[in-house]
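The lines below spell out each chain.
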Amino acid sequence: MEDVWTVVHAERAAIIDDLERLDAGQWEEPSLCAEWTVHDVVAHLVDTARTTRPGFLLGLVRAGFDFDRQNARGVERERGATPRETLDRLRRVASRRSTPPAPLDSRLVEEIVHGEDIRRPLGLARSYPQEAVVRALRLQARTPASFGGARELVARARLTAADADVSVGEGPEVRGPALSLLLAVCRRRVALDDLDGPGVTGLSSAI
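Our subject in this report is the structure included herewith. Quick caveat, the model's predicted, so the values are computed rather than measured.

**Remarks on the environment of alanine 164**
Inference 1: With respect to the secondary-structure elements, alanine 164 resides in the loop between strand 1 (158-161) and strand 2 (167-169).
Inference 2: Separated by 31 residues in sequence, alanine 164 and valine 133 have C-alpha atoms that sit 9.4 Å apart.
Inference 3: If we skip the residues at most four places from it in the chain, alanine 164 touches Gln130, Val134 and Ala178.

**Quick word on the environment of alanine 136**
Inference 1: Relative to the helices and strands, alanine 136 resides in helix 8 (residues 130-142).
Inference 2: Judged by relative accessible area, alanine 136 falls into the buried class, the value being 0%.
Inference 3: Taking C-alpha positions, alanine 136 is 5.1 Å from valine 109, a pair spaced 27 residues apart along the chain.
Inference 4: Setting aside chain neighbours within four positions, we find alanine 136 in contact with Leu108, Val109 and Leu182.

**Focus: the environment of histidine 114**
Inference 1: Mapping histidine 114 onto the fold places it in helix 7 (residues 106-122).
Inference 2: According to the relative accessible area criterion, histidine 114 is buried, its value standing at 8%.
Inference 3: Along the chain, histidine 114 and isoleucine 15 lie 99 residues apart, while their C-alpha atoms are 9.6 Å from each other.
Inference 4: Filtering out sequence-adjacent residues up to four positions away, histidine 114 remains in contact with Cys33, Val41, His44, Leu45, Val109 and Arg188.

Cut-off values and rules
- Residues numbered from 1 in each chain as written.
- Predicted model: local features only at pLDDT ≥ 70, side-chain atom pairs only at ≥ 80, totals over all residues.
- Heavy atoms only, no water.
- Helix = DSSP H or I, 4+ residues; strand = E, 2+ residues; numbered from the N terminus.
- Contact = heavy atoms within 4.5 Å.
- Buried < 20%, exposed > 50% of the residue type's maximum accessible area, 1.4 Å probe, protein only.

Rendered as structure tokens:
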């Protein structure tokens, strides 16, 4: 695969291109992220693009070690008064390479999953680099839930991609597109419709 940052920057450019075509109503559509609109997710992307290792740790302390509270504060901070203002902020940070204290492949998870959080409710489609999707899925499979991952989920089902050479986890098989498997382990229930196999019921009950 290309350098991770090359892919991340390409995905940021692609979502900016899609966002430029949205009307005001579409910005306020519910995203796949619980309780967040499309506008909120874009603000979150600005916040995470700005995040540095020291800044993340300081923000986490200030949020009482509550990841959800830290994310909510970031959205509030980076959401502009208008969609145009927030989009301009995203443009300004699109080429950054700063990151929180996490594996670099977490930036792939961030851009791909939040890209779908925005696109799917709006009926937009994106063909992501397949190896980037696979690397994101593998990272989530080995990362515990306490750090935003899905290690506990894949302990109860074996996830097998129908369109890529990847199979992770233990238990009854769940089969489908790699992107949908990634979304499912990131607890986006809409992706369950794309999956089949004896493990789907158990996976569904856990997310």
